[in-house]
Amino acid sequence: MDNSILAVDFGNITTRALMIDLVEGVYRLVAVADERTTGGFPISDVGVSFKRVTDQLMRNTGRRYLANDGRVITPEQPDRSGVDVFIATASIGRPLRTVLIGLMPDMSITSALRAAAGTYVEIVDVISLDDLRAAQDQLNTIILAHPDLIFIAGGTEGGATEPVLELARLARLALSLMGTNTNVLYAGNGALAPQINELFENVATVFFANNVRPSLDGEKLGGAQEQLARAFDSFTERRGLGFDDIGYMSRVGVLPTAQSYHTIVSYLGKTAGRGGVLAVDIGSAVSTLSASVRGHTATSIRTDLGIGHSVRSVIDAVGIDAVRMWIPFYASDDEIVGYALNKTLRPGSIPETQRGLYLEHALLRAALSGLLCAARPTWTPDQALDDLSETLPYFERIIGAGASLTGTGVSAMTVMLLLDALQPVGVVNLQADPNALIPALGALARINAEAVVQVLDASGLENLCTCVNLSGIPHKGRAAVQVSITSVASGETEKFTVQGGDLWVYPLSLGVPARVRISVVGRGLSIGGKRRLKLDVDGGTAGLMIDARGRPLPLAISLKAMSVQIPEWYAQVTGDPVFEIPPEWLVPPVIEPDIATVTDRRKAQSDRVLSVLGESDSAASSKSRGRLFGRRVKESMPAEGEAESDEDDLRNLLS
């Protein structure tokens, strides 16, 4: 029986390990550990961080996990060493470069793209029957792309065969000419599976999945996503970095972290009420957003919206104005790009100044907003969301992950960043996943679904708060909401008035129940379409919050107003005094060189050089200024015995 489970997730910055075990007959998360990932220079071996994180876990639990040869001890031994199951997930490194081949852009191609969105795939080119390029150009495209995977789809069940085979032959020819180890995934008409297998025999490893578009009006993505995970596992083993050993020890190989998000959000969406579930992971190089909306789950991955390795590409993806709109002071393009470049060089660093904190959080909000805009069209496959300015659909649970979100040090600040970028409506339960529990549980779901359910039910995620979000545009400084909070334990009641434009935080301790009554008093305002609410809530690490700023979020337009607005929000969620933006931060810096000072400095430098060379009188200085290596310098050589000292002085002066 799988009683004890070790799960390790390899991120670009951090490697996290979790120990899940049976406690009084129920699965519980019993220990966590984290270390810096060693997949990059100079070690380039994730096995080192794997050993470090398991050693830390051993110190925390008093339990040995690795044998003398460095492999995980399985199954669990009578002396409680080892574990019954070891699973591994990863988001480190570049995605699979993939060429997608299908019949119709609005059918098999579209379904294949949705399937690929759930793993680390970069679609480098798409070839279909509507492609106007000549066959030779299509062939060159595949060869020059150097893909890690060719994804072939097309043909409904009982439908087209010859067009699919013709495209597959094109891929076969390209692979034979490339001579590289490229995998093939086939998820088209099932009747062609034997012919596809024969076609690519001895040329490539072929993964077979159920048809992603078995009928004109239906799609099945699960099989293709599972085989994409296998292709990802094969890819991680081939690229080295120690993943070959990790994959060999893991019960399910090395699975992509993003697929775990899809699995867990899909489960949570089925157990939710009338609202949906959204989980977002802002990583260093890769960001993932998975949403369950009205029974449909969609996962989107962006390799250009991270807050670390790929933070510079955030500016290219969303535009520099999308970053600047969150900065409460004047910041030039050079300053914003410079901060992003420095963060790219040191992706694990944290802001050291207040100005740096604002820049970091501006990039984070821009990345999260950009990820949301890219993901929204996939939430409703039967209806395009062309107007992304509409308010967010109702989500009753939002989960944030990634060190940039969960490592702020203040839970309420994490909530504020999520609220700013996502702008949810109605009453939302906000949670965080600081220990990478979702990647572990998503992989574990393939082996032990019971353990997944029990760990989630046991509040394995961090409960941040219940947040009540006001829709409409409230008047700043005027009463917007009246709140009555009654403690379940003592029966005492407190009443408050929340002003428009404020982020109001009530310190309701973690797990403490309370009854809350809310009345909206401002005109044109509501909470999810209602003006009165009665709620039974439990406190979180950020207490209870009311976002009375309105929807859509009324960001200040002028820089002066923003310099007041944003610091106020930070002060409201942290409880710290308001940081007043210095007046000089609000205007571009003016650099006016002092001509007199520059001239004096040059004259002094010239005199010093001439003095070193033995000619310090004012006449010689006047003649020689501006031509230190001219004729006069050559004629005034230092005396013998002083050459070495004088030359050193000159070298030091000019260095």
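Heads up: the structure comes first, above all this text.
Note that this is a predicted model, so its numbers are computed, not measured.

### Notes on the packing of aromatic side chains
- The full count for this structure, using the stated rule, is 13 aromatic pairs.
- Measuring from centroid to centroid gives 6.5 Å for Phe10 and Phe50, while their planes differ by 40°, and the two rings are tilted. Residue Phe10 is found in strand β1 (residues 5-10), and its partner Phe50 is found in helix α1 (residues 46-61); the two are separated by 40 residues along the sequence.
- Its relative accessible area of 0% is what places Phe10 among the buried residues.
- Members of the aromatic cluster, joined through ring pairs, are Phe329, Tyr358, Tyr570, Phe579 and Trp585.
- In this structure, Arg355 is placed above the aromatic ring of Trp585, and the distance from its NZ or CZ to the ring centre is 4.8 Å.
- Across the ring face of Trp569, the terminal group of Arg549 is positioned such that the distance to the ring centre comes to 4.4 Å.

### Quick notes on empty space enclosed by the protein
- A full pass over the atoms with the stated rule returns one cavity of 30 Å³ or more.
- What lines the largest cavity is a set of 11 residues, among which Arg114, Leu221, Thr297, Ala298 and Thr299 lie closest to the centre.
- A total of four residues in the lining of the largest cavity trace back to one element, the largest contributor, which is strand β13 (residues 296-302).
- Per-class residue counts for the lining of the largest cavity are three nonpolar, seven polar and one charged.

### Here's the deal with the side chain of Ser292
- Tracing the backbone shows Ser292 in strand β12 (residues 287-293).
- Not counting the four nearest positions on each side in its chain, Ser292 is found in contact with Val265, Gly269, Gly276, Val277, Thr297 and Phe395.

### A closer look at the packing of helix α9 (residues 311-318) against helix α11 (residues 333-345)
- The N-to-C vectors of α9 and α11 enclose an angle of 140°; their axes lie 7 Å apart at closest approach. In terms of axis orientation, α9 runs oblique to α11. Of the residues in α11, those in contact with Val311, Arg312 and Ile315 of α9 are Ile336, Val337, Ala340, Leu341, Lys343 and Thr344.
- When its residues are assigned to classes, the contact of α9 with α11 shows six nonpolar, one polar and two charged.

### Remarks on the nonpolar core
- Of all hydrophobic cores here, the largest spans 66 residues; its most connected members are Leu278, Val280, Leu289, Trp379 and Leu430.
- With near-sequence residues (within four places) excluded, Leu289 lies in contact with Leu278, Ala279, Val280, Ala298, Thr299, Ser300, Leu371, Leu372, Ala375 and Trp379.
- Ranked by size, the runner-up nonpolar core spans 29 residues in total, among them Tyr261, Leu437, Leu441 and Val455.

### Some thoughts on the packing of helix α3 (residues 135-145) against helix α4 (residues 162-178)
- With their axes 9 Å apart at the nearest point, α3 and α4 run at an angle of 50° to one another. Judged by the angle between their axes, α3 and α4 are oblique. Crossing angle aside, the handedness with which α3 passes α4 is right-handed. Contacts between α3 and α4 pair Ala135, Gln138, Leu139, Ile142 and Ile143 from the former with Leu170, Ala171, Leu173, Ala174, Leu177 and Met178 from the latter.
- Here the residues of the contact of α3 with α4 are counted per class, giving 10 nonpolar, one polar and no charged.

### What to know about the pattern of salt bridges
- This structure, assessed with the given rule, holds 23 salt bridges.
- A salt bridge links Lys476 to Asp502; the shortest N-O distance between them is 3.5 Å. Of this pair, Lys476 sits in the loop between β16 (462-469) and β17 (479-487) while Asp502 sits in the loop between β18 (493-499) and β19 (503-506), placing them 26 residues apart in sequence.
- The class for Lys476 is exposed, based on a relative accessible area of 52%.
- Accessibility expressed as a relative area gives 18% for Asp502, which makes it buried.
- Among the salt bridges present, the one from Lys476 reaches Glu568, with a minimum N-O distance of 3.2 Å.

### Let's talk about helix α8 (residues 257-271)
- A rise of 1.5 Å per residue sets the reference length of α8, with its 15 residues, at 21 Å; its end C-alpha atoms lie 22 Å apart and thus fit the reference within 8%.
- The element α8 is largely enclosed, with a buried count of 11 among its 15 residues.
- Those residues of α8 that sit buried are Thr257, Ala258, Gln259, Ser260, Tyr261, His262, Ile264, Val265, Ser266, Leu268 and Gly269.

### Some points on the sheet that holds strand β3 (residues 26-36)
- With mixed pairing, the five strands of this open sheet are ordered in space as β3-β2-β1-β4-β10. Of all the strands in the sheet, the pair left with one neighbour each is β3 and β10 (254-256). Neighbouring strand axes in the sheet, compared pairwise and without regard to direction, differ in orientation by 25° on average.
- Examined bridge by bridge, strand β4 (residues 85-90) and β10 share three bridges and lie parallel to one another. The residue of β10 that forms the bridge with Thr89 is Leu255.
- The sheet contacts of helix α16 (residues 449-457) involve β1, β2 (14-23) and β3, and relative to β3 the element is tilted by about 80°.

### Quick look at the side chain of His262
- Mapped onto the elements of the fold, His262 is located in helix α8.
- Overall, His262 belongs to the buried group, its relative accessible area being 16%.
- At a separation of 2.7 Å, a polar atom in the side chain of His262 contacts the side chain of Thr299.
- With residues near it in sequence (within four places) discarded, His262 still touches Gln225, Ser290, Thr297, Ala298 and Thr299.

Definitions and limits used
- Residues numbered from 1 in each chain as written.
- Predicted model: local features only at pLDDT ≥ 70, side-chain atom pairs only at ≥ 80, totals over all residues.
- Heavy atoms only, no water.
- Phe/Tyr/Trp six-rings, centres within 6.5 Å; stacked < 30°, edge-to-face > 60°.
- Helix = DSSP H or I, 4+ residues; strand = E, 2+ residues; numbered from the N terminus.
- Buried < 20%, exposed > 50% of the residue type's maximum accessible area, 1.4 Å probe, protein only.
- Lys NZ or Arg CZ within 6 Å of the ring centre and 35° of its normal.
- 1 Å grid on protein atoms, 1.4 Å probe; cavity = no way out; pocket = protein on both sides within 12 Å on 5 of 7 lines; lining within 4 Å.
- Points joined across faces, edges and corners; volume = space filled by probe spheres on them.
- Nonpolar A, V, L, I, M, F, W, Y, C, P; charged D, E, K, R; others polar.
- Contact = heavy atoms within 4.5 Å.
- Axes fitted to C-alpha atoms, helices over the stretch in contact; angles between N-to-C directions.
- Parallel < 35°, antiparallel > 145°, perpendicular 65-115°, else oblique.
- Core = buried A, V, L, I, M, F, W, Y, C linked by side-chain atoms within 4.5 Å.
- Left-handed = near helix turned anticlockwise from the far one by under 90°.
- Salt bridge = Lys/Arg side-chain N within 4 Å of Asp/Glu carboxyl O.
- Expected span 1.5 Å × (residues − 1).
- Pairing = 2+ DSSP bridges.
- Polar contact = N/O pair within 3.5 Å; in protein donor to acceptor, adjacent residues only side chain to side chain.

Any functional reading would require information beyond the geometric quantities listed.
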